[in-house]
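A structural walkthrough
Okay, here's what each chain looks like letter by letter:
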Amino acid sequence: DNGMVVAVSEKEIKNAIDEFDGKSVVGTGMTVQLKSGDTVTATYTLVVTGDTNGDGKISITDMLAVKAHILQKTLMSGTGLQAADTSGDGKITITDFIQVKGHILRKSTITAN
């Protein structure tokens, strides 16, 4: 693992998955390995903006995780924390909460940072 984190959108992930079987779910925290033959040349950790728990969906569970982090009840870390920063400002704030909520209610769409 080279420690590099790559942010991608749900659409980009779905397009890549469609090339395989169209049924797989990809979420935050999963890794992608680039290979040259049988040799792994790089490993990347996926961050799906808004998907804090790595289930491949942006749902009420993610919204509640953002809320709990803001209220300092349950702090996130790692890729979950990166996924929670939907605004891309480097902080988890009410703006991120509102963006996740808007995405769930289909009033807006979260895009990769």
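Residues numbered from 1 in each chain as written. Predicted model: local features only at pLDDT ≥ 70, side-chain atom pairs only at ≥ 80, totals over all residues. Heavy atoms only, no water.

Some words on the overall build of the protein chain
Going by this rule: Labels follow the DSSP assignment, with helices taken as runs of H or I lasting at least four residues and strands as runs of E lasting at least two, numbered in each case from the N terminus. For each residue, the accessible area found with a 1.4 Å probe, counting protein chains only, is set against the maximum for its type, and the residue is called buried under 20%, exposed over 50%, and partly exposed in between. Contacts between residues were defined by any pair of non-hydrogen atoms, one from each residue, lying within 4.5 Å. Working definition of accessibility: Shrake-Rupley area with a 1.4 Å probe, residue cover restricted to the visible protein chains.
In terms of regular secondary structure, the protein chain is built from four helices and three strands. Listing each helix as α and each strand as β along the protein chain from the N terminus yields β-α-β-β-α-α-α. Scored against the burial criterion, the 113 residues of the protein chain give a buried share of 35%. Put simply, 53% of the contacts in the protein chain that link residues at least 6 apart link residues at least 24 apart. Accessible surface, the protein chain as shown: approximately 7,100 Å² in total, 52% of it carbon and sulfur.

What to know about the packing of helix α2 (residues 60-70) against helix α4 (residues 94-104)
A pair of packed helices is captured by two measures, namely the crossing angle of their axes and the spacing between those axes. As a reminder, the rule being used: Note on method: axes are straight lines fitted to C-alpha atoms, helices fitted across the in-contact stretch only, with angles between N-to-C directions ranging 0 to 180 degrees. When an angle is under 35 degrees it counts as roughly parallel; over 145 it counts as roughly antiparallel; between 65 and 115 it counts as roughly perpendicular; any other value is oblique. For any helix crossing, the convention is left-handed if the near helix is rotated counterclockwise from the far helix by under a right angle, and right-handed if that rotation is clockwise. Ten residues, namely Ala, Val, Leu, Ile, Met, Phe, Trp, Tyr, Cys and Pro, are considered nonpolar, four, namely Asp, Glu, Lys and Arg, are considered charged, and the remaining ones, Gly among them, are considered polar.
The geometry of α2 relative to α4 is characterised by a closest axis approach of 9 Å and an angle of 170° between their N-to-C directions. Here α4 runs roughly antiparallel to α2, going by the angle between their axes. Both α2 and α4 take part in a crossing whose hand is left-handed. Contacts between α2 and α4 involve I60, D62, M63, V66, K67 and I70 from the first element and I94, D96, F97, V100, K101 and I104 from the second. Considering only residue class, the contact of α2 with α4 consists of eight nonpolar, no polar and four charged.

Topic: a nonpolar patch on the surface
To keep things clear, this is the line we draw: Distance thresholds for patches are 9 Å for like charges and 5 Å for nonpolar side chains (Val, Leu, Ile, Met, Phe, Trp, Tyr), applied to residues having over 30% relative accessible area and no salt bridge. Here, a salt bridge means any side-chain nitrogen of Lys or Arg that lies within 4 Å of a carboxyl oxygen of Asp or Glu.
A cluster of nonpolar side chains, contributed by I60, L64, I104 and L105, occupies part of the molecular surface with about 350 Å² of accessible area. With respect to the element layout, L105 can be found in the segment after α4. The class for L105 is partly exposed, based on a relative accessible area of 48%.

Some remarks on the side chain of T52
Our working definition: Definition of a polar contact: a pair of N or O atoms within 3.5 Å, with one able to donate and the other able to accept a hydrogen when the atoms are protein atoms, and with sequence-neighbouring residues admitted only if both atoms are side-chain atoms.
Within the secondary structure layout, T52 lies in the loop between β3 (39-48) and α2. Reaching out from T52, the side chain makes a polar contact with the side chain of D62 at a distance of 2.9 Å. Once residues lying within four places of it in the same chain are set aside, the contact partners of T52 are D62, A65, V66, M76, G80, A83 and A84.

Comments concerning unusual backbone geometry
The phi angle at Q72 is positive, at roughly 60°, despite the residue not being glycine. On the basis of relative accessibility, which here comes to 63%, the residue Q72 falls in the exposed class. Here the phi dihedral of R106 falls at roughly 60°; this positive angle occurs in a residue that is not glycine. Relative to the helices and strands, R106 is located in the segment after α4.

Let's talk about the environment of A68
With respect to the element layout, A68 can be found in helix α2. Discounting residues that sit within four places of it in the chain, A68 has contacts with K73 and T74.

Quick word on the environment of V100
Along the chain, V100 turns up in helix α4. A sequence separation of 49 residues divides V100 from D51, and the C-alpha atoms of the two residues are 9.0 Å apart. Setting aside anything within four residues of it in sequence, one finds V100 in contact with I58, S59, D62, M63, V66, T86 and I110.

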